[in-house]
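Residues per chain are reported as follows:
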Amino acid sequence: MRELENCIERACSSGEGGAIHAHHLPPTLQTAEVSGTLARQSLKEALDAYEKDLVQDALKSARGNRAKAARLLHTTERILGYAVRKHGIDTERFR
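Residues numbered from 1 in each chain as written. Predicted model: local features only at pLDDT ≥ 70, side-chain atom pairs only at ≥ 80, totals over all residues. Heavy atoms only, no water.

(A) A look at the pattern of salt bridges. Applying the stated rule across the entire model yields 4 salt bridges. A salt bridge links E51 to K86; the nearest nitrogen and oxygen atoms lie 3.2 Å apart. Of this pair, E51 sits in helix α3 (residues 43-61) while K86 sits in helix α5 (residues 77-87), and the two are 35 residues apart along the sequence. Given a relative accessible area of 48%, K86 falls into the partly exposed group. With a shortest N-O distance of 3.4 Å, E92 and R95 are connected by a salt bridge. (Salt bridge = Lys/Arg side-chain N within 4 Å of Asp/Glu carboxyl O. Helix = DSSP H or I, 4+ residues; strand = E, 2+ residues; numbered from the N terminus. Buried < 20%, exposed > 50% of the residue type's maximum accessible area, 1.4 Å probe, protein only.)

(B) Spatial organisation of a nonpolar patch on the surface. On the surface, a cluster of nonpolar side chains totalling about 420 Å² of accessible area is made up of M1, L4, I8 and I20. Residue position: L4 is located in helix α1 (residues 2-14). (Patch = residues over 30% accessible without salt bridge, like charges linked within 9 Å, V, L, I, M, F, W, Y side chains within 5 Å. Areas by Shrake-Rupley, 256 points an atom, 1.4 Å probe, with all protein chains shown as cover.)

(C) Region of the structure containing the environment of P26. Note on placement: P26 falls in the loop between α1 and α2 (32-35). Judged by its relative accessible area of 25%, P26 falls in the partly exposed class. Put simply, P26 and A11 are 15 residues apart on the chain and 9.1 Å apart in space, counted from C-alpha to C-alpha.

Read these as geometric descriptors, not functional statements.
Have a look at this one:
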């Protein structure tokens, strides 16, 4: 407990902007094994899930308009269409 208190005090004194970031903490507190945030899926699965979330968020913001969603993601309608098909996203539900 004392070690954690010292880490937080050091992070507060060295932190800028009133926020503590991971780089302010010692490496032992930054590892996934110690923090319990070890990935439970492959990199490909994680990237696919992230891509699907990004596409769905853009479609929500664009109310299902693929052209506008593609612009929000700084990509083309064609690439967005590939992602929509790949993830089986129904764009009509965002209208």
